[in-house]
Amino acid sequence: MSTVALKEKKEAAKKPEIVKEITGAEAAIESLLAEGVDTIFGYPGGAIMPVYDALYHCLDKVHHILTRHEQGAIHAAQGYARTSGKVGVVFATSGPGATNLVTGLADAMIDSTPLVCITGQVVASLLGTDAFQETDVINVTNPVTKWNIQITRAEDIPAAIAKAFYIAESGRPGPVLIDITKDAQFGKAPYHFEKCRQIKTYHPKPVLNRAEVEAAAQLINSAKKPYLMVGQGVILSGATKELKAFVEKTGIPVASTLLGLSAFPSDHPLYVGFLGMHGNYACNHMINQCDVLIAVGLRFDDRITGDLKKYAKQAKIVHIELDKAEINKNVKAEAPVHADAKEALKALLEKVDERKHSAWINEFKKLQNDEFEKIITKDWHPKTGKIKMGEVIHILSEQTQGNAVVVTDVGQHQMVTSRYFGFKHPRTNVTSGGLGTMGFGLPAAMGAKLGTPHQEVIAVMGDGGFQMTLQELGTISENNIGIKMIILNNHFLGMVRQWQELFFDKRYSFTDITGPDFIKLADAYNIPAQRVKEHKDIADAIDTMLKHQGPFLLEIEVEKEENVFPMVPSGAGVSDMILELPK
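A. Quick peek at the domain arrangement of the protein chain. What the domain assignment reports for the protein chain is domain 1 (20-190), domain 2 (210-363) and domain 3 (386-558). Of note, the centres of domain 1 and domain 3, computed from C-alpha atoms alone, are 30 Å apart. On the side of domain 3, 27 residues touch domain 1, which itself brings 24 residues to the contact. Across the domain 1/domain 3 interface, buried area totals approximately 2000 Å², and carbon plus sulfur atoms make up 61% of it. For the domain 1 face of the interface with domain 3, the top three residues by lost area are Arg68, Arg82 and Thr83, together amounting to 34%. Connecting domain 1 to domain 3 are one salt bridge. Linking domain 1 with domain 3 are 13 residue pairs in polar contact (both at pLDDT 80 or more), by the criterion used here. Those elements that place two or more of their residues in the side of domain 1 that touches domain 3 are β3 (63-66), α4 (70-84) and α6 (102-110).

B. Seen up close, the sheet that holds strand β13 (residues 316-321). The strand order β11-β10-β9-β12-β13-β14 describes an open sheet built from six strands, whose pairing is parallel. Both edges of this open sheet fall to β11 (271-274) and β14 (335-338), since each of them pairs with a single strand only. Adjacent strand axes in the sheet meet at a mean angle of 15° when their direction is disregarded. Note: strand β12 (residues 292-296) against β13, five bridges, orientation parallel. Bridged to valine 296 within β13 is isoleucine 320.

C. Focus on the layout of surface pockets. In this structure, the second largest pocket occupies an estimated 640 Å³ of space. Along the walls of the second largest pocket sit 31 residues, with Ser266, Tyr271, Asn280, Trp380 and Arg419 positioned nearest its centre. Only β11, α16 (358-380), α17 (389-400) and α18 (412-420) provide two or more residues apiece to the lining of the second largest pocket. Ranked by residues supplied to the lining of the second largest pocket, first place goes to α16 with nine residues. Of the residues contributing to the lining of the second largest pocket, the split by class is 13 nonpolar, twelve polar and six charged. The residues that make up the lining of the second largest pocket include at least three from each of domain 2 (210-363) and domain 3 (386-558).

D. Representation of the side chain of arginine 82 in the model. Structurally, the position occupied by arginine 82 is in helix α4. Summary of buried charges: arginine 82 has no salt-bridge partner, and the nearest side chain of opposite charge, aspartate 111, is 4.2 Å away.

E. Inspection of the packing of aromatic side chains at higher detail. Counted according to the given criterion, the structure contains 13 aromatic pairs. Aromatic pair tryptophan 499 and phenylalanine 503: ring centres 5.4 Å apart, planes at 70°, arrangement edge-to-face. One end of the pair, tryptophan 499, and the other, phenylalanine 503, are both in helix α22 (residues 494-503), four residues apart, so they sit about a helical turn from each other. Through successive ring pairs, a cluster of aromatic residues spans Tyr227, Trp360 and Phe364. It is arginine 497 that lies over the ring of phenylalanine 492; its NZ or CZ is 5.7 Å from the centre.

F. Highlighting the environment of cysteine 283. Within the secondary structure, cysteine 283 is located in helix α13 (residues 281-285). A sequence separation of 131 residues divides cysteine 283 from threonine 152, and the C-alpha atoms of the two residues are 53 Å apart. For cysteine 283, the residues in contact, after removing those within four places along its chain, are Tyr227, Ala255, Val272, Gly273, Phe274, Leu275 and Phe364.

What counts and how
- Residues numbered from 1 in each chain as written.
- Predicted model: local features only at pLDDT ≥ 70, side-chain atom pairs only at ≥ 80, totals over all residues.
- Heavy atoms only, no water.
- Domains from an automatic or database assignment.
- Contact = heavy atoms within 4.5 Å.
- Buried area = accessible area lost by both parts, 1.4 Å probe.
- Salt bridge = Lys/Arg side-chain N within 4 Å of Asp/Glu carboxyl O.
- Polar contact = N/O pair within 3.5 Å; in protein donor to acceptor, adjacent residues only side chain to side chain.
- Helix = DSSP H or I, 4+ residues; strand = E, 2+ residues; numbered from the N terminus.
- Pairing = 2+ DSSP bridges.
- Axes fitted to C-alpha atoms, helices over the stretch in contact; angles between N-to-C directions.
- 1 Å grid on protein atoms, 1.4 Å probe; cavity = no way out; pocket = protein on both sides within 12 Å on 5 of 7 lines; lining within 4 Å.
- Points joined across faces, edges and corners; volume = space filled by probe spheres on them.
- Nonpolar A, V, L, I, M, F, W, Y, C, P; charged D, E, K, R; others polar.
- Buried < 20%, exposed > 50% of the residue type's maximum accessible area, 1.4 Å probe, protein only.
- Lys, Arg positive; Asp, Glu negative; His and termini not counted.
- Phe/Tyr/Trp six-rings, centres within 6.5 Å; stacked < 30°, edge-to-face > 60°.
- Lys NZ or Arg CZ within 6 Å of the ring centre and 35° of its normal.

Encoded structure:
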């Protein structure tokens, strides 16, 4: 290259890159596209209108789902994130649009679901004046977001969106909210987008401490009755293969939390069940029999521990957890491992001994047989009376061979599904765990299907929870979202009614609930539907539902006053689990 050409090249390199000037609204859409967003859930309004106008010109690049309510939008985004592993994205307007997101934000926060929510806001000059549809969304959402920010200048939008995605999906995932004033959306600024890869004051992933791993391995290798509990952290870290290898090498029995279901195959010989208040008898009871308890990617919440004063006092605890705030918060760990589950299990795999614990496994089997004889056979094969929820889920699991994505609402049906559906593959269980949000199931199933269109997605709901968000049938119909919907209809708010029966002398205070004709309702939305009232019709109806191309609603009339057992009564210890109604 000549001296002149080289000089010209250097001069050109010194010149600033020509950056196009666009509106803040356009910058928001361009930034989302740069982050790889392909689906957005939302509902337009005055304060977010400029963003929707910018979106109008990009519909060949991104799919927008107009839900029938902002709560439906955010639950759909949760379902999308939980099945796809991507960040769910939501648009809402100011005031009521933004506040309608709060339940979903709280749900996503406690269940570690990555979301980026973008809300419109009144123009900056009106902030604090109680203008039309103005709400201080930043202070409202502070407790239920991993990070939030209000943007008042167009030039700040791309960097805020980049930072939002990084925070939402790194470390322990969670929801993020960006509130953008209307003048910032209309304003113009040079556009430049750069992905965020680090934040100086934020360290989402700890460096694996080899000494902690060594201490954990020593406890595990010395154990005579080791027990492994797995939570959603295994799924979020992509550690399911490492978990399986660890279990098969060590021969340790493994149980799952509610959100941990699908992290480990339910048909594996070392799987001993589902933990929690309505979980399996053996896996709950044996918590207080083990000598070393290994917890991976879970937070020891009250629904799995019961009374902490009676929880695993004889055991030494190994707690592998990414979020340091969860270590020693509820249960003291002798060997804490502050680490990503995948990295920790990989490191442990090299240090643990290859063993079998046949006698210890047999202790679980004895209690499993008790539960099977006293509860499970009666749930699966009732000889008389009304249809039981367990009967339906057992047939569903057999007909799908455990290969479907199952989304549950909240209540008795949720516990029955968690007990009896045979989850085999990661990210196939979607439910509201920590918050227990009724109305979650239907919109979350929409998002789950859009996140994994190749998968069969089945929403299992009670009649109460379904009625909280049934307007989303309109979204399902308009977009032909091919989810299968099962309503287990007992004409009660079943879980609350069960507690009223057991602990309030059958004073059923406002738990008897009526509903519309669900079949006619589905027909109004052009969704095929069927009602089942007899045991003999269940299998054929489920088969018809599964074979149908497109959405389908199946209402099954179940026993009105059915109870879910086993059960750890409120305030009791896990060893106090009851198998049947007290005499």
